[in-house]
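Analysis of the macromolecular model
Spelled out from the first residue to the last, the chains are:
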Amino acid sequence: MQQGVSGNLRGGALMAAAAVLFAAEALAIRWMTAHGIPVEVQVFARSLGQLFWVAPVIAASGLAVFRTQRAPLHLLRGASSLLTWGFYYASFGPLDLATATVLSFTNVMFTTLLAGPVLGEKVDRWRWAGTIAGFVGVAVMLRPGTTVSGAGVALAVASAVTWCGITLSSRVLAQSERNTTIMAWVGLVTTLGSAPFAAMAWVPLGLGQIAMLLAVAGFAPGIIWLITSAYRHGEASAIAPFQYLRLIVVAAFGWAIFGEVPDGWTWLGAAVILAGAVVITVAEARRR
């Protein structure tokens, strides 16, 4: 890892770029949902894009890129991605952009809860404090009398829970597997897994809808590439919080384009969740 101010600046810029792509994906999801593209078709396009990103490697090395001694764990990693994308994409239907985005940050809380029993990691007081704060924030957003969709929140939280499968399995796989092998398996499992649902939900699409699907398939896999590159250049504790810039971008475009303005209580809950997520992220980065 490149150390020092220059490395952190480069890493921070890459993480900020990933946040912008995350926001662009959220805006694209809202547009596709509003224009009648089924979630199943959206997820299939996203999965196919993941596979296309590693297509050059597959073309060069053949099936050797899939060679592994940990096939069950790769299947778990792929299934976790498929469920996460499905729940995440579906949550943007009933929820406004800012609420759906901030609820996705609760994945760090669930990962903290599972890191101990699954990976044997010690959870310190800062990670516990951030976790508790996050769940308090969710409770504030779901106060009695709220107008926030309960079904939408359930979908967003389900996405956060299954996101833990991505995080925890990736930590184990990264110890012995190449990134290309992990990405190839994810692309294969998610594409095969989403194809039947996309076929059943398929509706005739116009050129604009197809263009948006292709755009998301093309740029969404780049989010992980940018995040990985960011950690390669900068110190984790310095650059990790930059990922939360996507909430600002999403909220701004949600207001400007769709006229979405969450109420004060929703923003308060969002602030508490965000604070908890930042505490956990920084504590996790420093621990490593």
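No experiment lies behind these values; they were computed from the predicted model shown.

1. Overview of the overall build of the protein chain
Looking only at helices and strands, one finds 14 helices and 0 strands in the protein chain. Listing every helix and strand of the protein chain by position from the N terminus yields α-α-α-α-α-α-α-α-α-α-α-α-α-α. Its C-alpha radius of gyration of 19 Å places the protein chain within 12% of the 19 Å reference for a compact globule of 288 residues. By its C-alpha atoms, the protein chain is 55 × 50 × 40 Å across when sized along the principal axes. Burial analysis of the protein chain (288 residues in total) assigns 49% to the buried set. Taking as baseline every contact in the protein chain between residues at least 6 positions apart, the subset at least 24 positions apart corresponds to 89%.

2. A few points about the pattern of salt bridges
In the structure shown here, the tally under the stated rule is 2 salt bridges. Between Arg30 and Glu260 there is a salt bridge, with the nearest N and O atoms lying 2.0 Å from each other. In this pair, Arg30 sits in helix H1 (residues 4-34) while Glu260 sits in the loop between helix H13 (245-258) and helix H14 (264-287), placing the two residues 230 residues apart along the sequence. A relative accessible area of 15% means that Glu260 is categorised as buried.

3. Some words on the environment of Ile182
Here Ile182 shows up in helix H9 (residues 179-201). The spatial distance from the C-alpha of Ile182 to the C-alpha of Thr33 is 29 Å, given a sequence separation of 149 residues. Excluding residues within four positions of it along the chain, Ile182 makes contact with His74, Arg77, Leu173, Ala174 and Glu177.

4. Considering the environment of Val261
In this structure, Val261 sits in the loop between H13 and H14. Taking the relative accessible area as the measure of exposure, Val261 reaches 61% and is therefore exposed. Distance in space between the C-alpha atoms of Val261 and Ala158 is 24 Å, their sequence separation being 103 residues.

5. Looking at the confidence of the model for the protein chain
The predicted model of the protein chain averages 85 in pLDDT, with 92% of residues at 70 or higher. Across the protein chain, the secondary-structure element scoring lowest on mean pLDDT is helix H12 (residues 236-239), at 64, and the one scoring highest is helix H10 (residues 207-219), at 95.

6. Looking at the side chain of Glu25
Tracing the backbone shows Glu25 in helix H1. Classification of Glu25 by relative accessible area gives buried; the value is 5%. Look past the residues within four positions of Glu25 in its chain and what remains in contact with it is Arg46, Tyr88, Tyr89, Phe219, Ala220 and Ile223.

7. Concerning the packing of aromatic side chains
In total, this model carries 5 aromatic pairs according to the counting rule given. On the numbers, 5.0 Å between centres and 90° between planes, the contact of Tyr88 with Phe92 is edge-to-face. The class for Tyr88 is buried, based on a relative accessible area of 6%. Take Phe92: its relative accessible area is 0%, and that puts it in the buried class. Three or more aromatic residues joined by ring pairs make a cluster, and in this case those are Tyr88, Tyr89 and Phe92. Over the ring of Phe22 we find Arg246; its NZ or CZ atom is 4.1 Å from the centre of that ring.

8. A look at the nonpolar core
Ranked by internal contacts, the top residues of the largest apolar core, which has 57 residues, are Val102, Leu103 and Ile273. It is H1 that contributes the most residues to this core, 10 residues altogether. Excluding its chain neighbours within four sequence positions, the residues that come into contact with Leu103 are Leu95, Val138, Met141, Val153, Ala156, Ala160 and Ile273. Within the second largest apolar cluster, 7 residues are counted, among which are Val54, Phe66, Ala184 and Val189.

9. Structural notes on a nonpolar patch on the surface
The grouping of Leu113, Leu114 and Trp128 at the surface amounts to a nonpolar patch, some 250 Å² of accessible area in total. With respect to the helices, strands and loops of the structure, Leu114 is situated in helix H6 (residues 107-119).

10. Looking at H9
Between the first and last C-alpha of H9 there are 32 Å, a value that for 23 residues agrees with the 33 Å anticipated at 1.5 Å per step. Remark: the principal bend of H9, roughly 35°, maps to Ala195, with a proline, Pro196, within the next four residues. Residues Thr181, Ile182, Ala184, Trp185, Val186, Gly187, Val189, Thr190, Thr191, Ser194, Ala198 and Ala201 constitute the buried set of H9. Buried residues along H9 sit against helix H2 (39-53), helix H4 (71-91) and helix H8 (150-173).

Here is what the cut-offs are and how they apply
Residues numbered from 1 in each chain as written. Predicted model: local features only at pLDDT ≥ 70, side-chain atom pairs only at ≥ 80, totals over all residues. Heavy atoms only, no water. Helix = DSSP H or I, 4+ residues; strand = E, 2+ residues; numbered from the N terminus. Rg over C-alpha atoms; globule rule 2.2 N^0.38 Å. Buried < 20%, exposed > 50% of the residue type's maximum accessible area, 1.4 Å probe, protein only. Contact = heavy atoms within 4.5 Å. Salt bridge = Lys/Arg side-chain N within 4 Å of Asp/Glu carboxyl O. pLDDT = per-residue confidence, 0-100. Phe/Tyr/Trp six-rings, centres within 6.5 Å; stacked < 30°, edge-to-face > 60°. Lys NZ or Arg CZ within 6 Å of the ring centre and 35° of its normal. Core = buried A, V, L, I, M, F, W, Y, C linked by side-chain atoms within 4.5 Å. Patch = residues over 30% accessible without salt bridge, like charges linked within 9 Å, V, L, I, M, F, W, Y side chains within 5 Å. Areas by Shrake-Rupley, 256 points an atom, 1.4 Å probe, with all protein chains shown as cover. Expected span 1.5 Å × (residues − 1). Bend = angle between axes of the 7 residues up to and from the residue.

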